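Per-entry structural report
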Amino acid sequence: MSDAELALRSTRVITPEGTRAATVTVSAGTITAVLPYDAEVPVGARVEDVGDHVLLPGLIDTHVHVNDPGRTEWEGFWTATRAAAAGGITTLIDMPLNSLPPTTTVEHLRIKRDVARDKAHIDVGFWGGALPDNVKDLRPLHEAGVFGFKAFLSPSGVDEFPHLDQERLAVSLAEIAGFDGLLIVHAEDPHHLAAAPQHGGPRYADFLASRPRDAEDTAIAALVAQARRLDARVHVLHLSSGDALPLIRAARAEGVRLTVETCPHYLTLTAEEVPDGASEFKCCPPIREAANQDLLWEALADGTIDCVVTDHSPSTADLKTADFATAWGGISGLQLSLSAVWTQARRRGHTLEDVVTWMSARTAALAGLDGRKGAIAPGRDADFAVLAPDETFTVDPAGLQHRNRVTAYAGRTLHGVVKSTWLRGRRVFADGEFTPPQGTLLDRPR
């Protein structure tokens, strides 16, 4: 341990074995040891004592729409990664759509990487996209390092990223299963959506009725059937329907290779509290009723839902019109996700260890990064967040790092203040201040 460069000390360090007082030593960006709190610090190591603040592994957000290049006025790698760092997130994986071009060929991936390289304040990886006409590009994208492939089963909202019908889903999934890749899926059935009432206008109740739970349930059932037939790896994105949980439990029990995520807004916001005309709350699938939210929390507790990610999907403020039918659908949540989830989790009797499991350990596993990230343990990247879990703050949009400061959390009082964020042993955010970009572009582990 004589080569340790840094020793981070806290009375509350969240490790895979539990929370304890400890000193964490770091060398060359990697955790070298987790020592007793009062252990002798290696000679030459700089000591950083964070006192009673909690030292937790940096969060890994596997569902972020950065929109760069092409729609950079909506977000961008500079602003998105700053917002993530301010929220204790040290790794994000960028979605393949809403940028122009979408990440659907190796050349498009190269363009996106070139744009991101000098702007990333945290580590960044990339999903590829599965479209009706790019099956030939899937294996090359996999070999080029994308973490998996995003597909929609209903229209995506942008013309350059069309959805897969069931026939094209089967073709794409068979190709991806051939190299044991991962397909991540926006699961809403287009026929159920088309059959739902489409009134438009400012009433949230009308928008909710236009995206019924059975659209999710039917799409997930079809995806499960395809995954079972092909023994393929599939992941359900942003689950909002509690009605789908029995199907998911049964599929997993029989060995279908299925994982599931949900999002902070489904766990912390409810349909009953969304004001009419307040399209900052619009997302697809939608924020549903309080009773449905309870089902999602139960599924997190029993492991049916694996992880919690933001689905950060911003736009310019002018696209958030008062008409729910035409407003852009997306919640901006990167900077606030940890605090939002922790606020609700503590009310429901969960611990910070649970939150770390959902937002760091399991997201690392989903991305195949669990040998490198997602835990405070020797050999892992020295990525940390320092959190004051009992401190509160009221969300002021002016204090957000997102390029467009439109938020469904405005005015809410949240628990958990991120004091600093560390990337490979270097402090990249502290008390509202950022270092120059120090993030690395990540490839899928081979």
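Our structure is the block above this text.
None of the values given here were measured: they were computed from a predicted structure.

What counts, and where the lines are drawn
Every chain begins its residue count from 1, and numbering advances along the sequence as written. The model is predicted, so local features are restricted to residues of pLDDT at least 70 and side-chain atom pairs to those at 80 or more, both for listing and for counting; the totals for chains, interfaces and linings are taken over all residues. With hydrogens and water stripped out, all remaining heavy atoms of the structure feed into the side-chain values. With a 1 Å grid laid over protein atoms only, a set of points is called a cavity when a 1.4 Å probe fits there but cannot get out and a pocket when it is open yet has protein on both sides within 12 Å along at least five of seven lines; lining residues have an atom within 4 Å of a point. Grid points are joined across faces, edges and corners, and a volume is the space filled by probe spheres set on the points. Each residue receives one of three labels: charged for Asp, Glu, Lys and Arg, nonpolar for Ala, Val, Leu, Ile, Met, Phe, Trp, Tyr, Cys and Pro, and polar for the others, Gly being one of them. Numbered from the N terminus, helices here are DSSP runs of H or I no shorter than four residues, and strands are runs of E no shorter than two. Remark: exposure states derive from per-residue accessible area (1.4 Å probe, protein chains only) relative to the maximum for the residue type, with buried under 20%, exposed over 50%, and partly exposed in between. Arc definition: directions from the helix axis to the C-beta atoms. Contacts are residue-level and defined by heavy atoms, with any inter-residue pair within 4.5 Å sufficient. By definition, two strands form a pair when at least two bridges between them are found by DSSP. Working convention: axes come from line fits to C-alpha atoms, limited for helices to the stretch in contact. Angles between N-to-C directions cover 0 to 180 degrees. The crossover handedness rule: strands pointing away from the viewer, path from first strand over the helix to second strand clockwise, crossover right-handed.

**Some points on empty space enclosed by the protein**
- What the rule picks out here adds up to 4 cavities of 30 Å³ or more.
- Counted as a void, the largest cavity has a volume near 60 Å³.
- Lining the largest cavity are Glu280, Ser313, Pro314, Ser315, Lys320, Gly330, Ile331, Ser332, Asn404, Val406, Thr407 and Ala408.
- The residue inventory of the lining of the largest cavity, partitioned by class, reads 4 nonpolar, 6 polar and 2 charged.
- Approximately 40 Å³ is the volume attributed to the second largest cavity.
- If you trace the second largest cavity, you find it lined by Leu59, Ile60, Asp61, Ile89, Val308, Val309, Thr310, Ser337 and Met359.
- Considering each element in turn, the lining of the second largest cavity owes the most residues, 3 residues, to strand β6 (residues 59–64).
- Residues belonging to the lining of the second largest cavity are distributed by class as follows: 6 nonpolar, 2 polar and 1 charged.

**Considerations on helix α2 (residues 106–116)**
- Within the span of α2, buried status applies to Leu109, Lys112, Arg113 and Ala116. The buried residues of α2 occupy one face: seen down the axis, they fall within an arc of 100°.
- Contacts made by the buried residues of α2 are with α1 (77–86), β7 (89–94), β8 (123–126) and α3 (135–143).

**Some remarks on the environment of Val236**
- Residue position: Val236 is located in strand β12 (residues 233–236).
- A sequence separation of 28 residues divides Val236 from Leu208, and the C-alpha atoms of the two residues are 20 Å apart.
- Once residues within four sequence positions are removed from consideration, Val236 is found in contact with Val185, Ile220, Leu223, Leu258, Thr259, Val260 and Glu261.

**Some thoughts on α3**
- Val135, Asp137, Leu138, Leu141 and His142 are the residues of α3 that are buried. Buried residues in α3, looked at end-on, bunch into an arc of 135°, giving them a common side.
- Tucked into the core, α3 has its buried residues touching α2, β9 (128–129), β10 (149–152) and α4 (166–178).
- Positive backbone phi, at 110°, marks Gly145, one or two positions downstream of α3.

**What to know about the sheet that holds β10**
- If you trace the 6 strands from one edge of the open sheet to the other, you get β9-β10-β11-β12-β13-β14, paired in parallel fashion. A single partner strand is all that each edge strand has here, and the edge strands are β9 and β14 (307–308).
- The pairing of strand β13 (residues 258–262) with β14 spans 2 bridges and is parallel. Its bridge partner lying in β14, Glu261 is registered against Cys307.
- Sheet strands touched by helix α7 (residues 213–230): β11 (182–186), β12 and β13. Its angle to β12, the strand with the most contacts, is close to 165°.

**Describing the side chain of His265**
- Secondary-structure assignment places His265 in helix α9 (residues 264–268).
- Setting aside residues no more than four positions away along its own chain, His265 makes contact with Cys283, Ile287, Thr310, Asp311, Ile331 and Tyr409.

**Observations concerning the sheet that holds β7**
- The strand order across the open sheet formed by 3 strands is β6-β7-β8, and the pairing between neighbours is parallel. Each edge of the sheet is formed by a strand with only one pairing partner; in this case those strands are β6 and β8. Taking the axes of each pair of neighbouring strands and ignoring which way they run, one obtains an average angle of 20° across the sheet.
- Pairing geometry for β6 and β7, over 4 bridges, is parallel. Along β7, the bridge assignment pairs Ile60 with Thr91.
- In this fold α1 packs onto β7 and β8, with an angle of close to 140° to the strand it touches most, β7.
- Packed on one face of the sheet, helix α12 (residues 352–367) meets β6 and β7 and runs near 55° to β6.

**Focus: the pairing of β12**
- Sheet topology note: the β11/β12 ladder contains 4 bridges and is parallel. Within the sheet, the bridge partner assigned to Val185 lies in β12 and is Val236.
- Alignment of β12 against β13, held across 3 bridges, turns out to be parallel. In the strand pairing of β13, His235 is matched with Thr259.
- Crossover connection from β12 via helix α8 (residues 245–253) to parallel β13: handedness right-handed.

**As for the pairing of strand β3 (residues 30–36)**
- Judged from the 6 bridges that link them, strand β2 (residues 18–27) and β3 form a sheet pairing that is antiparallel. By the bridge assignment for β3, Val24 is matched with Val34.
- Linkage of β2 to β3, two consecutive antiparallel strands, is achieved through a turn of 2 residues, within which Ala28 is found at a positive phi near 50°.

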